[in-house]
Amino acid sequence: IGYKTYHMKEILFEGAGLKFWVDLAEERLRQEGGNESEENKRETNALARRAAQDIVESGYNATTDFPSIFIYRELMDLFPDAKVILSVRSSGDVWSESMLNTIVPLSAIFRKYPFRFVPF
């Protein structure tokens, strides 16, 4: 539909923004633990804004699923009028089948940077 979409393949196959995503994933997981100071939270949020800006400055005008889920708030702050498409499955079984046919075969990749920081 005419968009240049930032997707996890940009990280996996092109290394685009890898350091941003690794750093951001580590910091967001620290935040989840509740052990982060307000200063660290501000730094993490600044890192997320920088990652969002880097995507845009690299010429992307759309994102999809991972790793953009880490920065959806920052992207929405930068682009409050952006369109969001939410995919909904008819049931958990249908969603599971979709995962088994797409993402699960890549599970070995998910044990490597930056994915091993994602709590799933």
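Located above this text is the structure these notes cover.
Figured I'd write up the structure that's included with this text. (Residues numbered from 1 in each chain as written. Predicted model: local features only at pLDDT ≥ 70, side-chain atom pairs only at ≥ 80, totals over all residues. Heavy atoms only, no water.)

### Re the nonpolar core
Selection rule: Residue types Ala, Val, Leu, Ile, Met, Phe, Trp, Tyr and Cys, when buried and joined through side-chain atoms within 4.5 Å, form a set referred to as a nonpolar core. Burial classification: accessible surface area is computed with a 1.4 Å probe over protein chains only, and a residue below 20% of its type maximum counts as buried, one above 50% as exposed, and the rest as partly exposed. Strands here are runs of E lasting at least two residues and helices are runs of H or I lasting at least four, both read from the DSSP assignment and numbered beginning at the N terminus.
Core analysis: the biggest nonpolar cluster contains 17 residues, and Tyr6, Trp21, Leu24, Ala51, Ile55, Phe70 and Ile71 have the highest contact counts within it. Breaking this core down by element, the ones donating at least two residues are α1 (8-14), α2 (18-32) and α3 (38-57). A total of five residues in this core trace back to one element, the largest contributor, which is α3.

### Looking at a nonpolar patch on the surface
Quick reminder of the rule: Like-charged residues are merged into a patch within 9 Å and nonpolar side chains (Val, Leu, Ile, Met, Phe, Trp, Tyr) within 5 Å, provided each residue has over 30% relative accessible area and no salt bridge. All accessible areas in this document rest on Shrake-Rupley with a 1.4 Å probe, and a residue is counted as covered only by the protein chains that are shown. By convention in these notes, a salt bridge is any Lys or Arg side-chain nitrogen within 4 Å of a carboxyl oxygen on Asp or Glu.
On the surface, Val56, Leu78 and Phe79 cluster together into a nonpolar patch covering about 210 Å² of accessible area. Tracing the chain through its elements places Phe79 in the loop between α5 (72-78) and α6 (92-101).

### Here's the deal with the side chain of Glu74
Heads up, the condition is: Contacts are residue-level and defined by heavy atoms, with any inter-residue pair within 4.5 Å sufficient.
Structurally, the position occupied by Glu74 is in helix α5. What Glu74 contacts, discounting residues up to four positions off in sequence, is Arg28, Asn45, Ala48, Arg49 and Ala52.

### Considerations on the pattern of salt bridges
A full pass over the atoms with the stated rule returns one salt bridge. Residue Glu38 pairs with Lys41 through a salt bridge whose shortest N-O separation is 3.6 Å. Within this pair, Glu38 and its partner Lys41 are both found in helix α3, separated by three residues, close to a single helical turn.

### Structural notes on the environment of Asp77
By the element assignment, Asp77 lies in helix α5. Look at Asp77 and you get exposed, because its relative accessible area is 65%. Taking the C-alpha atoms as reference points, Asp77 and Ala52, separated by 25 residues in sequence, lie 10.0 Å from one another.

### Regarding the packing of α2 against α3
Between two packed helices, what matters for the description is the angle formed by their axes and the separation of those axes. For the record, the criterion: Axis lines are fitted to C-alpha atoms, over the contacting stretch for helices. Their N-to-C directions set the angle, which ranges from 0 to 180 degrees. A crossing counts as left-handed when the near helix is turned anticlockwise from the far one by less than a right angle, and as right-handed when that turn is clockwise. In this classification, Asp, Glu, Lys and Arg are treated as charged, Ala, Val, Leu, Ile, Met, Phe, Trp, Tyr, Cys and Pro as nonpolar, and every other residue, Gly included, as polar.
Where α2 meets α3, the axes come as close as 10 Å, and the angle between the chain directions of the two elements is 150 degrees. For the element pair α2 and α3, the recorded crossing hand is left-handed. From α2, Phe20, Trp21, Asp23, Leu24, Glu27, Arg28 and Gln31 reach across to α3, where they touch Lys41, Thr44, Asn45, Leu47, Ala48, Arg50, Ala51, Asp54 and Ile55. When its residues are assigned to classes, the contact of α2 with α3 shows seven nonpolar, three polar and six charged.

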